[in-house]
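Coordinate analysis (summary)
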Amino acid sequence: MAEDAASVHTPAVEDPPSVQSLSLSSQSLASASSGLTLEERFRMIRSIGEECIQEDELMRLLATKAEPFCYDGFEPSGRMHIAQGVMKAINVNKLTTAGCKVKIWVADWFAQLNNKMGGDLKKIQNIGRYMIEIWKAVGMNLDKVEFLWSSEEINSRASEYWPIVMDIARRNNLARITRCCQIMGRSDQDELTAAQIFYPCMQCADIFFLKADICQLGMDQRKVNVLAREYCDDIKRKKKPIILSHHMLPGLLQGQEKMSKSDPLSAIYMEDEEADVNLKIKKAYCPPAVAKGNPCLEYIQYIIFPWFGKFEVERSDKNGGNKSFASMEELIADYEGQLLHPGDLKPALSKAINQILQPVRDHFKSDKEARDLLKIVKGYRVTR
C-alpha cells in the first residue's frame, strides 16, 4: 500500500543545493519556460507565501523542473469575497508567470462532506461554476491553469485515489487527524461528523493524487499540508510537497481574524456594487496612527500594492495634497506618524478596490449565463 501511494509522485531528489552550486544546464532549464532567471522565479513564487516549507527544496525544484505542478483548491460554499477572488488571482498569476502549471481543485465533494449548503451537491456545484466565472472576469491568467472537479476526478480514477486515502488513514491516529480539522473551518472542540473526520485524510491524499510539487494554500490549511510531508516520512519518500502558505486577510470589523461569508460587513464580495464597497470600507475598523491589526492597511498591503504597484491618495492641499505611495513601508510611516488620516485613506482604498472589481460587475451584467448563475447563488442560504 505504501509503495502504491509513493508511486503517485515523481522520483525523489537529493538535498537541494544553493543557487551558486547549480549547473548552467539546470539554470537554463529553470528559465526556459518563463524567460526569467532562476533567482527571479524563486523570488516571485516565494513572495506568495507568508511561510515556505522548505525554501531550499523550492530552489531545487525550480532548478530541475521547468514547469512544476502547483496545487490550489477551494470549497464552493457561498459568495466569493475579495481575499479568495483577488488574492488567488494575484498568486496564480505569479505562479504561471514563474513557469508553474496550476491545478485548481474544485472541492465539491469536500464541501458536501463539510455540510456546506446543507450538503446539497447541486448547489455546491453551481457555486463552483460561479467562482470560476469570477476568476475569469477579474483577470486570472488561465493559460496554465486547469480546474478539476473532485467528484469527477475521484470517480474516474477511484482505484488510484482510495488506496492512498486508506493508507494515510491507517498510518495516523484519530487525535492526529482531528488536529487538522482547522482546514474545514472547524476547531477540535466542535462535534465532528464521521465525514468531517475523514476529510483531512482525503485532502492529504489529493496532494499525491494530483502529483503536486507545491501546495499553494492559505495558512489555515497548513496542518494538512504538514501531514502530507509527515506521510512522506512514513513511507520513506524523499521528495516531499513544498508548502507555500499565503497570508489570511482579516475581516473588516474589529477583532475579526478571518473574513466571514456569513457576516455581510466582514467581507467585500467580488460582485459587490460600488456603493456596497464604499459603505463597508467606511464602516471598517481603521484606528488613526495604528497600523498593527488594521484591516484597511492589510487590504492595501496584500491586494492594492500587488495589483497596482502603488497606492494613490487624493486629498485636499490642507490635508497634505495628493500622494502616491510606492511602498508599504512609506505608507505605514505616514500613517503611524499621523501624516495620513483614515478619512483620506479609506476613500482611496475604496476607489482602488472598485477599480479592480469593475470588470467582474461588468461580466455579471453583460453575460446572461453568469448573471443567472449569480442570481441563483445569491438566493442560497449559507450553512456552516
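Only a predicted model underlies this, so the values are computations on that prediction, with no experimental measurement involved.

Let's shift gears to the pattern of salt bridges. Scanning all chains against the criterion turns up 25 salt bridges. The partner of Asp272 in a salt bridge is Lys280, and the shortest N-O contact between them spans 2.7 Å. Look at the salt bridges and you will find they share partners, linking Arg79, Glu271, Asp272 and Lys280 into a network.

The nonpolar side chains of a soluble globular protein tend to be buried, and buried together. Within the largest apolar cluster, 83 residues are counted, with the highest numbers of intra-cluster contacts made by Tyr130, Tyr299, Ile300, Phe311, Leu331, Leu345 and Ile353. Other than its neighbours up to four places away in sequence, Leu331 contacts Leu297, Ile300, Phe305, Phe311, Phe325, Leu340 and Leu345. Listed in part, the 30 residues of the second largest apolar core include Ile154, Tyr199, Cys215 and Cys232.

The residue Ser150 is located in helix 8 (residues 150–156) in this model. Side chain to side chain, Ser150 and Asp108 meet in a polar contact 2.6 Å long. If sequence neighbours within four positions are ignored, Ser150 has contacts with Trp105, Val106, Ala107, Asp108, Trp109 and Phe110.

The next thing to look at is helix 13 (residues 274–283). Every buried residue of helix 13 is listed here: Val277, Lys280 and Ile281. Seen end-on, helix 13 carries its buried residues on one side only, within an arc spanning 95°. Seen from the buried face of helix 13, the exposed residues on the opposite side, beyond 90 degrees, are Ala275 and Lys282. Close packing links the buried residues of helix 13 with helix 16 (342–366).

Turning next to the sheet that holds strand 2 (residues 69–74). The strand order 1-6-5-2-3-4 describes an open sheet built from six strands, whose pairing is mixed. The open sheet has two edge strands, strand 1 (51–53) and strand 4 (145–149), and neither has a second partner. Strand-to-strand twist across the sheet, computed as the mean angle between neighbouring axes with direction ignored, equals 20°. Where helix 4 (residues 55–64) meets the sheet, it contacts strand 1, strand 5 (214–218) and strand 6 (242–246), and its direction lies at approximately 110° from that of strand 6.

For the pair helix 7 (residues 121–138) and helix 17 (residues 368–378), the least separation of the axes is 10 Å and the interaxial angle reads 130°. The angle between helix 7 and helix 17 falls in the class oblique. Both helix 7 and helix 17 take part in a crossing whose hand is left-handed. Facing helix 7, whose interface residues are Asn126, Ile127, Arg129, Tyr130 and Glu133, helix 17 presents Ala370, Leu373, Leu374, Ile376 and Val377. Its residues placed into classes, the contact of helix 7 with helix 17 shows seven nonpolar, one polar and two charged.

Reading the values: the criteria
- Residues numbered from 1 in each chain as written.
- Predicted model: local features only at pLDDT ≥ 70, side-chain atom pairs only at ≥ 80, totals over all residues.
- Heavy atoms only, no water.
- Salt bridge = Lys/Arg side-chain N within 4 Å of Asp/Glu carboxyl O.
- Core = buried A, V, L, I, M, F, W, Y, C linked by side-chain atoms within 4.5 Å.
- Buried < 20%, exposed > 50% of the residue type's maximum accessible area, 1.4 Å probe, protein only.
- Contact = heavy atoms within 4.5 Å.
- Helix = DSSP H or I, 4+ residues; strand = E, 2+ residues; numbered from the N terminus.
- Polar contact = N/O pair within 3.5 Å; in protein donor to acceptor, adjacent residues only side chain to side chain.
- Arc of directions from axis to C-beta.
- Pairing = 2+ DSSP bridges.
- Axes fitted to C-alpha atoms, helices over the stretch in contact; angles between N-to-C directions.
- Parallel < 35°, antiparallel > 145°, perpendicular 65-115°, else oblique.
- Left-handed = near helix turned anticlockwise from the far one by under 90°.
- Nonpolar A, V, L, I, M, F, W, Y, C, P; charged D, E, K, R; others polar.

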